[in-house]
Amino acid sequence: MKTFRFLTVITVGALLTSACGVGGGESGAAAGKTLTWASTGGQFQEDEKKALQEPFTAKTGTAFTNVSPAEQAQVRTMVTSGKTIWDLANMSWIYAGAYCGELFEKLDDPALDRSKFPAGTTGDCFVPTYRYANIFSYNADMYPGEKPTRIEDFFDLKRFPGKRVVYDYPKAGLLEAALVADGVPPEQVYPIDVDRAFKKIDTIKSSLVFAPSYGAIQQMLVDKQASMVLTVTARTIVSAQSGANLVAVWDFNTTDIGALVIPKGTPNKQLAQQMLAFVTEPEQGIAYAKLTGTAPARPDVDLNSVGYTEQQKQFNAFLPDRGTTVEQDKQWWIENTDALVKRWTSWKVG
């Protein structure tokens, strides 16, 4: 049984205040045709506005109210109270998969044709809106001699000493990397042998830094508090843009998707699905990829048409000749995340 914990409790009144624009929300002029969009805030939500929302407004007249952060606990509060006020939320597909039909709407618009997306990246309540990788990189300034070239080097403290920073969450690519570094063929990573993975990670635990946010990862890399990192595409790019002399290691990396999901009970389900279909069309996929350095959700989009900067290309796992990538197994993570989070938490302090 899946027993995902929602750690944040928020009142419906507070949610309504947030959705009405307090704290930076926006709304447009198309009365009766507005979608409330919850996301991460910051530059990434600004990119969503520019690449995804503004073109949809121009095409349909639909306005958007933007709120942040998008947290699963808030969805539960809204749905259980019968007062759903978010129409779209940028949050993990894990929860949409675990609570599909209960807290999130099933997607039934024919325009959301799942055959358009890579195998293994869709569910009844989610389709990808973009793709990214969990990238292993190192700071070239901190390794003037021998350079890391394999995933095994992330786990080799003797040849490559230094702190390794990872996001404080088990689904950030570390478990899969540990197994491949321990000799498991990439195509056999799933189902994850959790005991074996933690045993391998134990060998570098003394040099691991568990960052509470992606912003903290970026700051550590810029300040040279860590010599290696395993983190998402967009944050790797932003860290490099901020001055970290990062070099990606294209030996083995995991890939994953970003998703917009629809909270259960929205009165605007059909319009929200139209927006989802619009977001995944090539033109919008290209526009968002160009801003963020991620990859469009659909594989039929030619990456050469995106117009990536040279720096973005350096950290794009979907370009040719980028080693082995493994898509994180959606059903496995949906079924196992709760137990893994508990184990991860106790292991860190053990």
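Up top is the structure these notes are about.
Here we summarise the structure given alongside this text. (Residues numbered from 1 in each chain as written. Predicted model: local features only at pLDDT ≥ 70, side-chain atom pairs only at ≥ 80, totals over all residues. Heavy atoms only, no water.)

### Remarks on the environment of leucine 291
In step 1: On the secondary structure map, leucine 291 appears in helix 10 (residues 282-292).
In step 2: Spatially, the C-alpha atom of leucine 291 lies 9.5 Å from that of valine 306, the residues being 15 residues apart in sequence.
In step 3: Not counting chain neighbours up to four residues away, the residues in contact with leucine 291 comprise Asp47, Lys50, Ala51 and Gln312. (Helix = DSSP H or I, 4+ residues; strand = E, 2+ residues; numbered from the N terminus. Contact = heavy atoms within 4.5 Å.)

### Quick notes on the nonpolar core
In step 1: Residues Trp86, Phe104, Phe154, Phe155, Ile192 and Trp333 are the most contacted members of the largest nonpolar core, which totals 60 residues.
In step 2: Mapped by element, the contributors of at least two residues to this core are helix 3 (72-81), helix 4 (93-98), strand 4 (128-139), helix 5 (174-181), helix 6 (194-202), strand 7 (228-232), strand 9 (252-261) and helix 12 (330-349).
In step 3: The element contributing the most residues to this core is helix 5, with 7 residues.
In step 4: Other than its neighbours up to four places away in sequence, tryptophan 333 contacts Trp93, Ile94, Pro170, Lys171, Leu175, Glu176, Tyr190, Ile192, Gln328 and Leu340.
In step 5: The next biggest cluster of nonpolar side chains, apart from the first, holds 25 residues, and it includes Ala51, Leu276, Phe278 and Val279. (Core = buried A, V, L, I, M, F, W, Y, C linked by side-chain atoms within 4.5 Å. Buried < 20%, exposed > 50% of the residue type's maximum accessible area, 1.4 Å probe, protein only.)

### What about the state of the cysteines?
What is meant by a disulfide is a covalent connection between two cysteines, made through their sulfur atoms.
In step 1: Applying the stated rule across the entire model yields 1 disulfide.
In step 2: What pairs with cysteine 100 in a disulfide is cysteine 125, and their sulfur atoms sit 2.0 Å apart. Disulfide cysteine 100-cysteine 125: torsion about the S-S bond near 85°, hence right-handed. One end of the pair, cysteine 100, is in the loop between helix 4 and strand 4; the other, cysteine 125, is in the loop between helix 4 and strand 4, and 25 residues separate them in sequence.
In step 3: What makes cysteine 100 partly exposed here is its relative accessible area of 25%. (Disulfide = S-S within 2.5 Å.)

### Regarding the pattern of salt bridges
In step 1: Scanning the model with the defined rule gives 19 salt bridges in all.
In step 2: The shortest N-O distance in the salt bridge between arginine 131 and glutamate 327 comes to 3.0 Å. Remark: glutamate 327 occurs in strand 11 (residues 324-327) and arginine 131 occurs in strand 4; sequence separation between them is 196 residues.
In step 3: Relative accessible area serves as the criterion here: at 15%, arginine 131 is assigned to the buried category.
In step 4: Put simply, arginine 159 and glutamate 146 hold a salt bridge, and the shortest N to O gap is 2.2 Å. Linking arginine 159 in the loop between strand 4 and strand 5 (164-167) with glutamate 146 in the loop between strand 4 and strand 5, this pair joins segments that are 13 residues apart in sequence.
In step 5: The class for glutamate 146 is partly exposed, based on a relative accessible area of 46%. (Salt bridge = Lys/Arg side-chain N within 4 Å of Asp/Glu carboxyl O.)

### Overview of unusual backbone geometry
In step 1: With an omega dihedral of -5°, the bond running from serine 68 to proline 69 counts as a cis peptide bond.
In step 2: By the element assignment, proline 69 lies in the loop between strand 2 (63-67) and helix 3.
In step 3: In this model, tyrosine 190 is joined to proline 191 through a cis peptide bond whose omega is -5°.
In step 4: Position of proline 191 relative to the elements: it lies in the loop between helix 5 and helix 6.

### Looking at helix 5
In step 1: The element helix 5 is extensively covered by neighbouring structure, given that 8 of its 8 residues are classed as buried.
In step 2: Positive backbone phi, at 105°, marks glycine 183, one or two positions downstream of helix 5.

### Things to note about helix 3
Given 3.6 residues per helical turn, the α-helix brings residues three or four places apart onto the same face.
In step 1: When you tally the buried positions in helix 3, you get 7 out of 10 residues, the bulk of the element.
In step 2: Listed as buried for helix 3 are Gln72, Ala73, Gln74, Val75, Thr77, Met78 and Val79.
In step 3: Of the residues flanking the end of helix 3, it is glycine 82, one or two places downstream, whose phi is positive at about 75°.

### Things to note about the packing of helix 2 (residues 42-60) against helix 10
In step 1: Packing of helix 2 against helix 10 leaves a shortest axis separation of 9 Å and a crossing angle of 160°. What the angle tells us is that helix 2 and helix 10 run roughly antiparallel. The hand of the helix 2/helix 10 crossing is right-handed. Residues Phe44, Asp47, Glu48, Lys50, Ala51, Leu52 and Pro55 of helix 2 lie in contact with helix 10, whose contacting residues are Gln284, Ala287, Tyr288, Leu291 and Thr292.
In step 2: Along the lines of polarity and charge, the residues of the contact of helix 2 with helix 10 split into 7 nonpolar, 2 polar and 3 charged. (Axes fitted to C-alpha atoms, helices over the stretch in contact; angles between N-to-C directions. Parallel < 35°, antiparallel > 145°, perpendicular 65-115°, else oblique. Left-handed = near helix turned anticlockwise from the far one by under 90°. Nonpolar A, V, L, I, M, F, W, Y, C, P; charged D, E, K, R; others polar.)

### Examining the side chain of glutamine 312
In step 1: Structurally, the position occupied by glutamine 312 is in helix 11 (residues 310-314).
In step 2: In this structure the side chain of glutamine 312 is engaged in a polar contact, spanning 2.9 Å, whose partner is the backbone oxygen of lysine 290.
In step 3: Only 3.0 Å separates the side chain of glutamine 312 from the backbone nitrogen of threonine 309, close enough to count as a polar contact. (Polar contact = N/O pair within 3.5 Å; in protein donor to acceptor, adjacent residues only side chain to side chain.)

### Brief notes about the environment of phenylalanine 198
In step 1: Examined against the element boundaries, phenylalanine 198 turns out to sit in helix 6.
In step 2: On the basis of relative accessibility, which here comes to 3%, the residue phenylalanine 198 falls in the buried class.
In step 3: Once you skip the residues sitting within four places of it in the chain, phenylalanine 198 turns out to touch Leu175, Leu340, Arg343, Trp344 and Trp347.

### Quick notes on the packing of aromatic side chains
In step 1: Inspection of the entire model under this criterion finds 18 aromatic pairs.
In step 2: Between tryptophan 37 and phenylalanine 64, the ring centres sit 5.8 Å apart and the planes meet at 80°, which makes this aromatic pair edge-to-face. Remark: phenylalanine 64 occurs in strand 2 and tryptophan 37 occurs in strand 1 (residues 34-38); sequence separation between them is 27 residues. For the pair tryptophan 37 and phenylalanine 64, a shared accessibility class is recorded, and that class is buried.
In step 3: Seen from their ring centres, tryptophan 332 and tryptophan 333 are 5.0 Å apart, and the 85° between their planes marks the pair as edge-to-face. The same class applies to tryptophan 332 and to tryptophan 333, which are both buried.
In step 4: Ring pairs connect the aromatic residues Trp37, Phe56, Phe64 and Phe278, which therefore count as one cluster. (Phe/Tyr/Trp six-rings, centres within 6.5 Å; stacked < 30°, edge-to-face > 60°.)

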